[in-house]
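Here are the chains, one letter per residue:
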Amino acid sequence: MATLRDTAIHWYRKVFGAPSGSDIREEGLDTVLDGNTAVALSEAGIATHAVLGGTAPADPADSVWLGEVAHGTNLFGQALAEQSAEGPRGMVAAATGLGLAGRRATAFLSGTDIAASQDLLISAAGKHVPLVLHVGARAAAAHGSAPGTGHETVHLGADAGFCVLFAANVQEAVDFTYIGRRVAEEALVPVMVVMDGEQTALAAQDVRLLSPAQVNALLGAPDDPIDAPTEAQRLLFGDTRRRVPAWHDLDEPVLTGALFDARSFALGALARGPFFDSFVGESLDNAFAEFARKTGRRHEMVSRYRVDDAATVLVAQGSAVETARCAADFIRKHHKVKV
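To start, this report covers the structure provided alongside it. (Residues numbered from 1 in each chain as written. Predicted model: local features only at pLDDT ≥ 70, side-chain atom pairs only at ≥ 80, totals over all residues. Heavy atoms only, no water.)

Describing the sheet that holds strand E5 (residues 132-137)
The criterion, for reference: Should DSSP find at least two bridges between two strands, the strands are regarded as paired. Put simply, DSSP marks the helices as runs of H or I at least four residues long and the strands as runs of E at least two long, and each gets a number from the N terminus on. Fitting a line to C-alpha atoms yields each axis, with helices limited to the stretch in contact; the angle taken between N-to-C directions then spans 0 to 180 degrees. The contact definition used throughout considers only heavy atoms, calling two residues in contact when any of these lie within 4.5 Å.
Spatially, six strands are ordered E3-E2-E4-E5-E7-E6 in an open sheet, and the strand pairing comes out parallel. The strands lining the two open edges of the sheet, one partner per strand, are strand E3 (81-84) and strand E6 (163-166). Sheet twist, expressed as the mean angle between neighbouring strand axes with direction ignored, is 25°. The pairing of strand E2 (residues 49-52) with strand E4 (residues 105-110) spans three bridges and is parallel. Note on E4: the bridge partner recorded for Ala 50 is Thr 106. On the sheet, helix H8 (residues 170-187) packs against E4, E5, E6 and strand E7 (191-196) and is oriented at approximately 170° with respect to E7.

As structure tokens, then:
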């Protein structure tokens, strides 16, 4: 995989400066990559900082990021940097701090890393950090550990306050990297992009990487000014704000993370719903629509397959979705059962 990965990265770098074609939807680079490499390479085009130190199956993404740091800059001409942290809690804390300082940051974590950082995830969501974390799902240790995929830790983190996008394959993991970043920075709600370990993070699959023109059309630089999209944000920032707000700014200090009395804490926790979280659905729908216009690839909050006349419907997430679709076709054809 190393040679294949390096070849894809080489060609992607080579087309960074390529001019836009006549139809932006036809742009991009078709290649074969594992999920870790694909998302790390995608993040290296838009982010500036990654906190490294995650565990399997996410750790190969760290080496890809380090290679891009040696290359120099992202698509916006900003220098790439890496920061090492001790353990998963250090990673989440460091990534949160970078996000609070107005940096476009990310980290590559395993499901067990997420399980060890629940309180820090809740804190990141409560502070409205526009952060994107990438998670390689892995079975939680019970009577023993296993390298296989499990979703227990993903479900454990589902109530942390993040918007969770679960990729069915490498292509969705790449696409959700950009969609998640757009939503996190518009709604000021952090996003978790999840993919199955053996089946996606470590599996080589066909994938089309976005072209620089497509990336620029979907996302701007973190310090670009944008219109505040909601009334709540206009109360905080005025009519315009920095795309990635610098909540922690020595030139314009504000109080964040203070100790509240019980009533004030309860009001603040409750207010997240109507003033921030309620906008995530609209922001995600808009991001899906804009992504489809720029790439031709369409996504939904819940994908559907042959459900219009189905007597039995299976609800799945992750790599099981593609298997379920194949099974549905087979059962309909050979057993005449509407699934």
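Focus: the pairing of E3
As defined by bridge partners, E2 adjoins E3 across four bridges and the pair is classed as parallel. The residue bridging Leu 52 from the neighbouring strand is Ser 84, located in E3.

Comments concerning the side chain of Gln 233
To be explicit about the condition: Burial here depends on accessible area, computed with a 1.4 Å probe over protein chains only, as a share of the maximum for the residue type. Under 20% is buried, over 50% is exposed, and the range in between is partly exposed.
As for its placement among the helices and strands, Gln 233 is situated in helix H11 (residues 231-237). Judged by relative accessible area, which is 1%, Gln 233 ranks as buried. With near-sequence residues (within four places) excluded, Gln 233 lies in contact with Glu 186, Ala 187, Leu 188, Ala 228, Gly 238, Arg 241 and Phe 276.

Digging into H8
Note the following rule: Multiplying 1.5 Å by the helix residue count minus one yields the expected span of that helix. Throughout this description, a polar contact denotes any pair of N or O atoms lying within 3.5 Å of each other; where both atoms belong to protein, one of them has to be capable of donating a hydrogen while the other can accept it, and for residues adjacent in sequence the pair is counted only when both atoms sit in side chains.
Over its 18 residues, H8 extends 25 Å from the first C-alpha to the last, a length consistent with the 26 Å expected when each residue adds 1.5 Å. Summarising burial for H8: 15 of the 18 residues are buried, a large majority. If you check the start of H8, you find a side-chain oxygen 3.3 Å away from the backbone N of Gln 171, and it comes from Asn 169. Of the residues one or two after H8, Leu 188 is the one with positive phi, at around 60°.

Description of empty space enclosed by the protein
The following threshold applies: Buried and open spaces are told apart on a 1 Å grid over the protein atoms alone, a cavity being a set of points where a 1.4 Å probe fits but cannot get out and a pocket being an open set with protein on both sides within 12 Å along at least five of seven lines. Residues with an atom within 4 Å of a point are the lining residues. Grid points are joined across faces, edges and corners, and a volume is the space filled by probe spheres set on the points.
Applying the stated criterion to the full structure yields one cavity of 30 Å³ or more. Of the volumes computed, that of the largest cavity is approximately 30 Å³. Along its surface, the largest cavity is lined by Tyr 178, Ile 179, Arg 182, Leu 218, Leu 219, Ala 287 and Phe 291. Elements supplying a minimum of two residues to the lining of the largest cavity: H8 and helix H13 (280-295).

Observations regarding a nonpolar patch on the surface
Just so we agree on the cut-off: Exposure above 30% relative accessible area and no salt bridge define the residues that can form patches, which grow by joining like charges within 9 Å and nonpolar side chains of Val, Leu, Ile, Met, Phe, Trp and Tyr within 5 Å. For accessible areas, the Shrake-Rupley method is used with a probe of radius 1.4 Å. Any residue's cover is judged against the shown protein chains and nothing else. Here, a salt bridge means any side-chain nitrogen of Lys or Arg that lies within 4 Å of a carboxyl oxygen of Asp or Glu.
There is a patch of nonpolar side chains on the surface, built from Val 307, Val 313 and Val 315 and spanning about 280 Å² of accessible area. Relative to the helices and strands, Val 307 is located in the loop between H13 and helix H14 (320-335).

Brief notes about the pattern of salt bridges
Pairing of side chains with opposite charge becomes possible as their charged atoms draw close. If you walk through the whole model with that rule in mind, you get 12 salt bridges. With its nearest N and O atoms 2.3 Å apart, the salt bridge here joins Glu 290 to Lys 294. With Glu 290 and Lys 294 both in helix H13 and four residues apart, this pair spans about one turn of that helix. Across the pair, Lys 294 and Glu 290 agree in class, each one buried. Connected through shared salt-bridge partners, Glu 290, Arg 293 and Lys 294 make up one network.

Focus: the packing of helix H4 (residues 87-100) against helix H6 (residues 118-126)
Quick note on the threshold: The scheme is simple: roughly parallel for angles under 35 degrees, roughly antiparallel for over 145, roughly perpendicular for 65 to 115, oblique for anything else. Any residue outside Ala, Val, Leu, Ile, Met, Phe, Trp, Tyr, Cys, Pro, Asp, Glu, Lys and Arg is labelled polar, Gly included; the first ten of those are nonpolar and the last four are charged.
For the pair H4 and H6, interaxial distance at closest approach is 9 Å and the crossing angle is 10°. With respect to H6, the element H4 is oriented roughly parallel. Each of Arg 89, Val 92, Ala 93 and Thr 96 in H4 lies in contact with H6, whose residues at this interface are Asp 119, Leu 120, Leu 121 and Ala 124. Split into classes, the residues belonging to the contact of H4 with H6 amount to five nonpolar, one polar and two charged.

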